[in-house]
Amino acid sequence: MAIPVDIVEFVEKHIKLMISQTETYLPFIRVAFPYSNNIADGVYNLIIGSALSIFVNQFAMKMKYPTAEDFTVFGKISLKFRDQVDQFFK
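These figures come from a predicted structure and were not determined experimentally.

A. Region of interest: the layout of surface pockets. Of the voids in this model, the largest pocket is the one considered here, and its volume is about 240 Å³. For the lining of the largest pocket, the secondary structure elements donating two or more residues are helix H1 (5-32) and helix H2 (39-61). Among the residues forming the lining of the largest pocket, the class breakdown is nine nonpolar, five polar and no charged.

B. A look at the nonpolar core. Within the largest apolar cluster, 23 residues are counted, with the highest numbers of intra-cluster contacts made by Val-11, Ile-15, Ile-19, Ile-47 and Phe-55. Elements with a minimum of two residues in this core: H1, H2, helix H3 (68-79) and helix H4 (82-88). The dominant element in this core, judged by the number of residues it contributes, is H2, at nine residues. Sequence-distant contacts of Ile-19, defined by excluding residues within four places in its chain, comprise Ile-47, Phe-81, Gln-84, Val-85 and Phe-88.

C. Representation of the packing of H1 against H2 in the model. The interhelical angle for the contact between H1 and H2, taken along N-to-C directions, is 150°, at an axis separation of 9 Å. By the angle class used here, H1 and H2 are roughly antiparallel. Handedness of the crossing formed by H1 with H2: right-handed. Between H1 and H2, the contacting residues are Ile-7, Phe-10, Val-11, His-14, Ile-15, Met-18, Ile-19, Thr-22 and Ile-29 on the first element and Ile-39, Val-43, Ile-47, Ile-48, Ser-50, Ala-51, Ile-54, Phe-55, Gln-58 and Phe-59 on the second. Looking at the contact of H1 with H2 residue by residue, the class counts come to 15 nonpolar, four polar and no charged.

Definitions and cut-offs
- Residues numbered from 1 in each chain as written.
- Predicted model: local features only at pLDDT ≥ 70, side-chain atom pairs only at ≥ 80, totals over all residues.
- Heavy atoms only, no water.
- 1 Å grid on protein atoms, 1.4 Å probe; cavity = no way out; pocket = protein on both sides within 12 Å on 5 of 7 lines; lining within 4 Å.
- Points joined across faces, edges and corners; volume = space filled by probe spheres on them.
- Helix = DSSP H or I, 4+ residues; strand = E, 2+ residues; numbered from the N terminus.
- Nonpolar A, V, L, I, M, F, W, Y, C, P; charged D, E, K, R; others polar.
- Core = buried A, V, L, I, M, F, W, Y, C linked by side-chain atoms within 4.5 Å.
- Buried < 20%, exposed > 50% of the residue type's maximum accessible area, 1.4 Å probe, protein only.
- Contact = heavy atoms within 4.5 Å.
- Axes fitted to C-alpha atoms, helices over the stretch in contact; angles between N-to-C directions.
- Parallel < 35°, antiparallel > 145°, perpendicular 65-115°, else oblique.
- Left-handed = near helix turned anticlockwise from the far one by under 90°.

Take a look at the structure:
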């Protein structure tokens, strides 16, 4: 089953919002976590964890359950934003 377009768009908008918020909080993140080896991984994981919750909730609102294939597609959707997060910390 293909993920409905409205769910994909909603998840992508959410990830983009979280990325823009990361940019806003970047000065704080760098000061608050000066000894972290890889802040980009932590930030990316927080963003994608939040997006996963949105993803599952969007299915629930339609009274459906995502399949294993849907979760694979979610992984591909989220991976395309990885480089944007990495760029904040280079």
